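Chain and residue survey
Given next are the chains, with one letter for each unit.
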Amino acid sequence: MTVVEVFSDGRSGEFHHRDWPLDSEPCVWWFQPARPALVLGSTQKVELVDTDACARREIEIVQRRSGGGVVLLQPGNTVWIDVLLPAHHPQWRVDIGESALWIGKVCATALGEIGCGPLWVHSGAMERTEWSSLVCFAGRGAGEVFDSHGSKVVGISQRRTRHWARFQCVVSLTWDPETLVSVLRPPRPTIEEIVSAGSSLIVDAERAGSEIVSALVSTLDTAERDETALS
């Protein structure tokens, strides 16, 4: 059965660098950092960041182990949920491009049921823009969720080993391009260039997170029960 854990009032750096689980059960981790954080993808350099601007705004600078562009985490403005999937689980997909599709569909359905729709899930190849290598929400990856205007609602990055996949999911409740641009060094986008990259949803973080966590757990546990019944 799926293990659910909620981590509150900690630092994003500690959350990102949690070890893989010791047992083999799928996990859903809901993180609620106490302060904002600018999270760099695994291949990005800290030189991209205006560290003085982050210090003035009390924004933590973090390097995650999954790929993609920078993400600005802000309490109340974003929801951060990780899904950790063991390779033996029926939801595991060998194809990396397909592996996050089910997560996106679950998130889209859960958010739609609380009035955040209409939403759709990108199922094709990665779509890049001028700034997508720098800013996560400026591109489109398989499994990511978008609103009717094409703004990203859920961004997903992943890290895989032979035994585990860790999907890191961030929901944009209030998109804040002004702050994001202000803590990046040139070359960087203008506010106008990324103003519609992320979504703003009329729902509070607690409700959105609770609905998504419940839907993910239901999907994971149902898949395990169905596989057991067929074996």
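Everything below is about the structure printed above this text.
Residues numbered from 1 in each chain as written. Predicted model: local features only at pLDDT ≥ 70, side-chain atom pairs only at ≥ 80, totals over all residues. Heavy atoms only, no water.

Most of strand β10 (residues 164-172) sits inside the fold, with nine of its nine residues counted as buried. Along β10, one buried face is formed by W164, R166, Q168, V170 and S172 and the opposite face, lined by A165, F167, C169 and V171, is buried too. Sheet topology note: the strand β6 (residues 78-86)/β10 ladder contains nine bridges and is antiparallel. Bridge pairing in β10 links I81 to C169. Sheet topology note: the strand β9 (residues 152-160)/β10 ladder contains seven bridges and is antiparallel. Considered in β10, the bridge of V154 is made with V171. Adjacent in sequence and paired antiparallel, β9 and β10 are bridged by three residues. (Buried < 20%, exposed > 50% of the residue type's maximum accessible area, 1.4 Å probe, protein only. Helix = DSSP H or I, 4+ residues; strand = E, 2+ residues; numbered from the N terminus. Pairing = 2+ DSSP bridges.)

This part is about the packing of aromatic side chains. A full pass over the atoms with the stated rule returns 10 aromatic pairs. Centre to centre, the rings of W29 and F31 are 6.1 Å apart; their planes meet at 75°, and the pair counts as edge-to-face. As far as the burial class goes, W29 and F31 line up, both buried. One aromatic cluster in this structure is built from F7, F15, W29, F31 and W80. Across from the ring centre of F137, 5.4 Å away, lies the NZ or CZ of K152, which sits over that ring. In this structure, R160 is placed above the aromatic ring of W92, and the distance from its NZ or CZ to the ring centre is 4.7 Å. (Phe/Tyr/Trp six-rings, centres within 6.5 Å; stacked < 30°, edge-to-face > 60°. Lys NZ or Arg CZ within 6 Å of the ring centre and 35° of its normal.)

What follows concerns the sheet that holds strand β3 (residues 37-40). On the basis of which strands lie adjacent, the open sheet formed by three strands has the order β4-β3-β5 and mixed pairing. Either end of the sheet is taken by a strand with one partner, and the two such strands are β4 (60-63) and β5 (71-73). Ignoring strand direction, the axes of neighbouring strands in this sheet form an average angle of 25°. Sheet analysis places β3 next to β5, joined by three bridges and oriented antiparallel. Bridged to L38 within β5 is L72. (Axes fitted to C-alpha atoms, helices over the stretch in contact; angles between N-to-C directions.)

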